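Analysis of the macromolecular model
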Amino acid sequence: MKGNITRRGKESWRLKFDAGRDPATGKRKIQYHTFRGTKRQAQVKLAELIASIGAGCYVEPSKLTVADFVRARVDQWESAGDISARTAQRYRQLIENQIVPHLGAMPLQRLKPLDIEAWHTTLRTSGRVRGQGGVAARTIGHAQRVLSKALSEAVKNDLLARNVCSLETAPKVPDSEMLIVHDVPGLMAKLPSTRLHIPAMTALFTGMRLGEVLALRWNRVDLDTKVIQVREALEHTKAHGTRSKLPKSKAGRRDITLPEILVETLREFRKDRLELRMQIGAGKLPDDDLLFGDINGNVPSPNGFSAAWADFAKSIGMPEITFHALRHTHASQLIDAGVDIVTISRRLGHAKPDITLRTYAHLFQKDDAKAADAINAALGAN
């Protein structure tokens, strides 16, 4: 392959080189590249470009910006069904709040590892959207993963030669103790007077996510065999409102065995619901009726439920306990009981046991033997 250099200014050069044949037309492709520096440096750059063509890793110049590219990728992931509407909404928040203000206008192909390093520093010190100060390391990590996922696809599609995010590590998330309910009987004693009672008991004794709890239908609850089948979840997004979706992973489709306390609680709840329907002349309870919908079968709002739970938690002096903390509490109970990590992982609907181990590793610290047993189970050791 051939190329030549033409002076454009005092230290500006036009590099012209043969980029092979267009696979569609068969015609020769001539590429031009502007370079600033000495003539010797320009000659080295030209040699690198020609070598990259020979190695099959040459990337044609593009003015596509970081913002345009990552926005388009999220649109594609959502339309292809690779991510849920809720995940897409979260990705777009990260893009608009953490990525676009700092990197969005930059041409995709000019992004360098130093840019990623500076981006991390800016986010950490002054990246908060509202008010002063930086954003949490966990948020920076989430934003980095979205950008890195998009850049990986840019490399795969020959828009980039490398993923610069893979060369810069996001700030480390500081260790912090996961919030769980330490006084479970005390919480249970305060629940019966609220509409949150049965959903909270279900989460506390199954480890189900809020969306999974609110999507439960009676035909998925077998109180005789003491099993709940998790087959769908509710999500709320600005674009689509509240709607049902499949679990977030294949492992999310699972059967959960119920403890006796929850079986009896659900029996009593079903009996009360039937009696109410009879009193108002609504007839028998439909098999596919939602457990926690209203009497007309309307879908409960996850956002509304979360807000109600936050008010309740504050009223009982536990403002830090979110509804999701009930899931963590369930996991901690299983760990304390010595249940193996593989069983815990399946019950929680995690795709792999190592996800469970990473999430709850700190709960094994009090008993090193439990930690060793969990690692052996996660790795399939005998």
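Keep in mind it's a predicted model, so treat the numbers as computed, not measured.

**Notes on empty space enclosed by the protein**
Tallied over the entire structure, the rule returns one cavity of 30 Å³ or more. Empty space within the largest cavity amounts to approximately 50 Å³. Taken together, Met-208, Glu-212, Ala-215, Leu-216, Arg-217, Arg-220, Gln-229, Val-230, Arg-231 and Glu-232 make up the lining of the largest cavity. Here the residues of the lining of the largest cavity sort into four nonpolar, one polar and five charged.

**Considering helix 2 (residues 66-79)**
Here helix 2 is 14 residues long and its end C-alpha atoms lie 20 Å apart, about the 20 Å a rise of 1.5 Å per residue gives. Residues Val-66, Ala-67, Phe-69, Val-70, Arg-73, Val-74 and Trp-77 constitute the buried set of helix 2. Buried residues along helix 2 sit in contact with helix 3 (85-103) and helix 5 (137-156). Remark: Gly-81 follows helix 2 within two positions and exhibits a positive phi of approximately 80°.

**Details of the packing of aromatic side chains**
Going through the model one piece at a time under the given rule, you end up with six aromatic pairs. Pairing Trp-309 with Phe-312 gives two aromatic rings, centres 5.2 Å apart and planes at 55°, and the pair type is tilted. Here Phe-312 and Trp-309 lie together in helix 10 (residues 302-315), a separation of three residues that amounts to about one turn. As far as the burial class goes, Trp-309 and Phe-312 line up, both buried. Positioned over the ring face of Trp-218 is Arg-270, at 5.0 Å from the centre of the ring.

**Concerning the sheet that holds strand 8 (residues 254-257)**
Strand order in the open sheet formed by three strands is 4-5-8, and the pairing between neighbours is antiparallel. Each edge of the open sheet is held by one strand with a lone partner, namely strand 4 (221-222) and strand 8. The pairing of strand 5 (residues 227-230) with strand 8 spans four bridges and is classified as antiparallel. If you follow Val-227 over to strand 8, its bridge partner there is Thr-257.

**Regarding the pairing of strand 1 (residues 3-9)**
Across six bridges, strand 1 lies against strand 2 (residues 12-21) in antiparallel orientation. Considered in strand 2, the bridge of Gly-3 is made with Phe-17. Count of turn residues in the strand 1/strand 2 antiparallel hairpin: two residues.

**Brief notes about the packing of helix 11 (residues 324-336) against helix 12 (residues 341-348)**
Between helix 11 and helix 12, the shortest axis-to-axis distance is 10 Å and the interhelical angle comes to 160°. If you check the angle between helix 11 and helix 12, you find them roughly antiparallel. Here helix 11 and helix 12 pass one another in a crossing that is right-handed. Of the residues in helix 12, those in contact with Arg-327, His-330, Ala-331, Leu-334 and Ile-335 of helix 11 are Ile-344, Arg-347 and Leu-348. When its residues are assigned to classes, the contact of helix 11 with helix 12 shows five nonpolar, one polar and two charged.

Calculation notes
- Residue numbers run consecutively from 1 along every chain, following the written order of its sequence.
- A pLDDT threshold of at least 70 governs which residues receive local features in this predicted model, and a stricter bar of 80 or more applies before side-chain atom pairs are shown or counted, although totals over entire chains, interfaces and linings include all residues.
- With hydrogens and water excluded, all non-hydrogen atoms of the structure serve as input to the side-chain values.
- A pocket here means an open set of points on a 1 Å grid, computed over the protein atoms alone, that has protein on both sides within 12 Å along at least five of seven lines. A cavity is instead a set of points where a 1.4 Å probe fits but cannot get out; residues with an atom within 4 Å of a point line either one.
- Grid points are joined across faces, edges and corners, and a volume is the space filled by probe spheres set on the points.
- Under the scheme applied here, ten amino acids are nonpolar (Ala, Val, Leu, Ile, Met, Phe, Trp, Tyr, Cys and Pro), four are charged (Asp, Glu, Lys and Arg), and all others, including Gly, are polar.
- Put simply, DSSP marks the helices as runs of H or I at least four residues long and the strands as runs of E at least two long, and each gets a number from the N terminus on.
- To estimate the expected span of a helix, subtract one from its residue number and multiply by 1.5 Å.
- Relative accessible area decides the class of each residue, using a 1.4 Å probe on protein chains only: under 20% of the type maximum gives buried, over 50% gives exposed, and in between gives partly exposed.
- Should any heavy atoms of two residues lie within 4.5 Å, those residues are counted as being in contact.
- Only Phe, Tyr and Trp rings take part, Trp by its six-membered ring, and two of them pair if their centres are within 6.5 Å. Stacked means planes under 30 degrees apart, edge-to-face means over 60, and tilted covers everything else.
- Definition used: whenever NZ (Lys) or CZ (Arg) falls within 6 Å of the ring centre and also within 35 degrees of the ring normal, the charge is taken to sit over that ring.
- Only strands joined by at least two bridges in the DSSP assignment are considered to pair.
- In this description, a line fitted to the C-alpha atoms serves as the axis of each element, helices being fitted only across the stretch in contact, and the angle between N-to-C directions of two axes falls anywhere from 0 to 180 degrees.
- For classification purposes, an angle smaller than 35 degrees is called roughly parallel, one larger than 145 roughly antiparallel, one from 65 to 115 roughly perpendicular, and anything else oblique.
- Left-handed describes a crossing whose near helix is turned anticlockwise from the far helix by less than a right angle; the clockwise case is right-handed.

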